[in-house]
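# Working through the structure, step by step
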Amino acid sequence: MSIRERLSGNEAAAIAMKQINPDVVAAFPITPSTEIPQYFSTFVANGTVDTEFVAVESEHSAMSACIGAQAAGARAMTATSANGLSLMWEMIYIASSLRLPIVLSLVNRAVSGPLNIHNDHSDAMGVRDAGWIMLFSENNQEAYDNTLMAHRIAEHKDVMLPLMICQDGFITSHSIENIELEEDEKVKEFVGKYQPEHYLLNREEPIAVGPLDLQAYLFEHKAQQAEAMKNAKKVILEVSEEFEKMTGRKYGLFEEYKLDDAEIAIVCMNSTAGTTKYVVDKLREQGIKAGLLKVRVYRPFPVDEIADALSHLKAVAILDKADSLNAAGGALFEDVTSAMYVKEKYVPAVNYVYGIGGRDTKADDIEGVYNDLSEIAKTGKVENPYRYFGLRKEAK
Amino acid sequence: MTTINANTPMEKMTSGGDIYEAGNAREFKTGDWRSVKPIFLSEKCKQCGLCFPVCPDDAIPVNKDCKREDFNYDYCKGCGVCAKTCPFGAIEMK
Amino acid sequence: MPYNVKEVVANKPSRFTSGHRMCAGCGAPPAARMIMRALKPEDHAVVAGATGCMEVSTFIYPYTAWTDSFIHTAFECAGATLSGAEAAYQSMKKQGKLPKDGETKFIAFGGDGGTYDIGLQSLSGAMERGHDMVYVCYDNGAYMNTGIQRSSATPKFADTTTSPAGTVIPGKMQSRKDLAKIMVGHHIPYVAQTVGYMNFKDLYEKAEKAIYTEGPAFLNVMAPCPRGWGYPTDMLMQINKLAVETCYWPLYEVIDGKYKINYKPAKKLPVEEFLRPQKRFKHMFKPGNEWMIEEFQKEVDARWQELLDLEEITNK
């Protein structure tokens, strides 16, 4: 039986970590993810977990210590946000290249500068090509569920890649919502034991990790990572199916909300999907065939599946909560449109950069996007595909 | 023996660049770096033990009786540290 | 058992093999090999390497020169990486996830770049947190791996590729950082400075103490670099000797805060004897530059005196 609770997103992540009971957690505080190591160190202090908590002196060291721990044969976890992830950046690449299934809870926040502590996705987007599996979570429940599934995916022998679970800073990390928790024993059984084939602490087979990997070898090692990332898609679906059997909560690569018969749709990630669902319902009452595709699995990117799911639309808007500053559009927009181009599915597409630095995303803003889409659907033409909403501008 | 080389396909390479045969660098011979060669003059050697710990390449074998043996030229890079350290002139650089 | 180099080498296996690709005559491998030999043969070690000469020359895919487990992640984080591995050991041992018998020891190796400079924060964190590990700095006084750039361990006036002895600025104008004392400031149980001298006795015994002292320990080992310092490759042991006999590189240890100088030269040699064979100090010997040698000598004298004072004060 699931347990009904009321928790914030950070509490949900910390409780999932407690139930997973990893061998090592190494973390450094940063708003808005600070509460995760705080809650977790309380579990450590009270002996509710077996974990060795390493209170490192920086996020760079947090990821370094996680790498050392995971390579040693342990399950290692951490949490961070924004500049913390930026400081980890070097080690983020090393973690994935060493094929260490470390699990990180990323509470999304704007990367400096200027300094801002509120939510957007610029931190996650900065590591989108780093070889990590990236799962996005609309609310505390999804943050919790994704965390419970994380190790099964990351540690699968065909995958062996690190994984980050994203949720929106403050919007979900600090708001208390209803949640269904699973029983400790069930989680323990579901997550299972970590049994690496090779690890530093195996005195019977000393190994060497992290070589100088020159021209004759690095390309092949990178291609192995790419293969693992491709394999991850299948594994994510298998694990999600098993999770559904245990909990009744269904997860795929993305969620389609009233998308089947939709004519216009929004593609977005994390908490904005909640607001969008509200707007979709409202528009449906007015007879407007609006829909939503909420990306859960951003890396590996489900190119074929997303292209198929959007192919019947008359117009689509892709919302990016991070600007790529490339004079072309956000990262999710590029991913979605290139997927559709390659699959030869043409749907007029428009990009909105929004919510930067915690700028509030209102139902009216989302409704405005659908209004724009209705116009685009009529003409089939997109004048300016790289747009903003929620930005103040001088009236022209 | 390491089976991985510059012709190994990616499927046969170790994951992440790990190596599971600790100490396998012994298979990599560095003796051809040498431009001068140490010669061991055993008759002058007093087995004092000064030369072998200074060898950066562990190219002076020591047997179980604590006695040094002739150079292992597979690895000796010819630096000459041993010859300069020997107080008895038992190592000559040629 | 008193130290006998022959017995140590004959009876304890080399855990840092031949076939590595450090330069001919490099001072780091004999020191590192002897440190690894200080492990009990039955003990296993996890070694972490900071990016640097030693790491890139001992673990070039698909070959490793380490017979123990080895991990390299990046330049600045050998301390943090190894502290993660040590935390894993503590956790898994406590949970019964590892075999009960057999010890694993944790040893990090970093050059002065990876230790004094870019890795100082990571090292400081690891020492402060009290991990049961030894951090060994093999100090060759510059970033040798990238081509002899100055570091905070580079001695004053040394000619490096980023502190070149020019017509206006005569080499590095700053004094070297005293890292061992910074480590003493962490109040860890064992800090020592050593070098391969007198049959490696000092180095071996300090390594043994560092490895088998519970808690964090730090070893600073001078590792001459023939290429970067500009002396003939065969002079390694003479350079080591001159560094000690001039008191440029004193041999000392600090046990629970108490200083002990392990070797006091009966007659301290003038530091110019250490400087003269090295091309990096060549400009100091040009007519008109006598002041540089004098200033260098003054600094060596002051630091030696400070050490003598510390020994006296901390043993009162």
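Our subject in this report is the structure included herewith. (Residues numbered from 1 in each chain as written. Chains lettered and ligands numbered in written order. Predicted model: local features only at pLDDT ≥ 70, side-chain atom pairs only at ≥ 80, totals over all residues.)

## Re the overall build of chain C
For chain C, the count of helices and strands is twelve helices and ten strands. Here the C-alpha radius of gyration of chain C, 19 Å, is about what a compact globule of 316 residues would show, namely 20 Å. Each principal axis of the C-alpha distribution contributes one length, and for chain C these read about 70 × 50 × 40 Å. Residues counted as buried form 58% of the 316 residues belonging to chain C. Counting only contacts in chain C whose residues sit at least 6 apart along the sequence, the fraction spanning at least 24 positions is 69%. (Helix = DSSP H or I, 4+ residues; strand = E, 2+ residues; numbered from the N terminus. Rg over C-alpha atoms; globule rule 2.2 N^0.38 Å. Buried ≥ 20, exposed ≤ 12 C-beta atoms within 10 Å, placed from the backbone. Contact = placed C-beta atoms within 7 Å.)

## Topic: the nonpolar core
Counting residues in each nonpolar core, the largest one holds 262 residues, and the members touching the most others are Ala-265 of chain A together with Ala-85 of chain C. Shared between two domains, this core takes at least three residues from each, and those domains are domain 1 (3-247) and domain 2 (254-389) of chain A. When neighbours within four sequence positions are excluded, Ala-265 of chain A is seen to be in contact with Leu-259, Ala-290, Gly-291, Leu-292, Leu-293, Leu-310, Leu-313 and Val-316 of chain A. (Core = buried A, V, L, I, M, F, W, Y, C linked by C-beta atoms within 7 Å. Domains from an automatic or database assignment.)

## Comments concerning the interface of chain C and chain A
Counting residues at the interface gives 39 residues for chain C, matched by 40 residues for chain A. Looking at the side of chain C that touches chain A, the elements that each hand over two or more residues are strand 1 (44-49), strand 2 (59-60), strand 4 (69-72), helix 4 (78-94) and helix 6 (120-129) of chain C. Of the pairings in the sheet, the one linking strand 9 (residues 208-209) of chain A to strand 4 of chain C comprises two bridges and is parallel in character. When the bridges of strand 4 of chain C are listed, Ala-208 of chain A appears paired with Phe-70 of chain C. (Pairing = 2+ DSSP bridges.)

## What to know about the sheet that holds strand 2 (residues 24-26) of chain A
All names here are of chain A. Taken in spatial order, the seven strands make up an open sheet running 3-2-4-5-7-6-13, and their pairing is mixed. Single-partner strands in this sheet number two, and they are strand 3 (52-54) and strand 13 (297-299). Sheet twist, expressed as the mean angle between neighbouring strand axes with direction ignored, is 20°. Sheet strands touched by helix 6 (residues 140-154): strand 5 (103-108), strand 6 (133-136) and strand 7 (163-168). Its angle to strand 7, the strand with the most contacts, is close to 170°. (Axes fitted to C-alpha atoms, helices over the stretch in contact; angles between N-to-C directions.)

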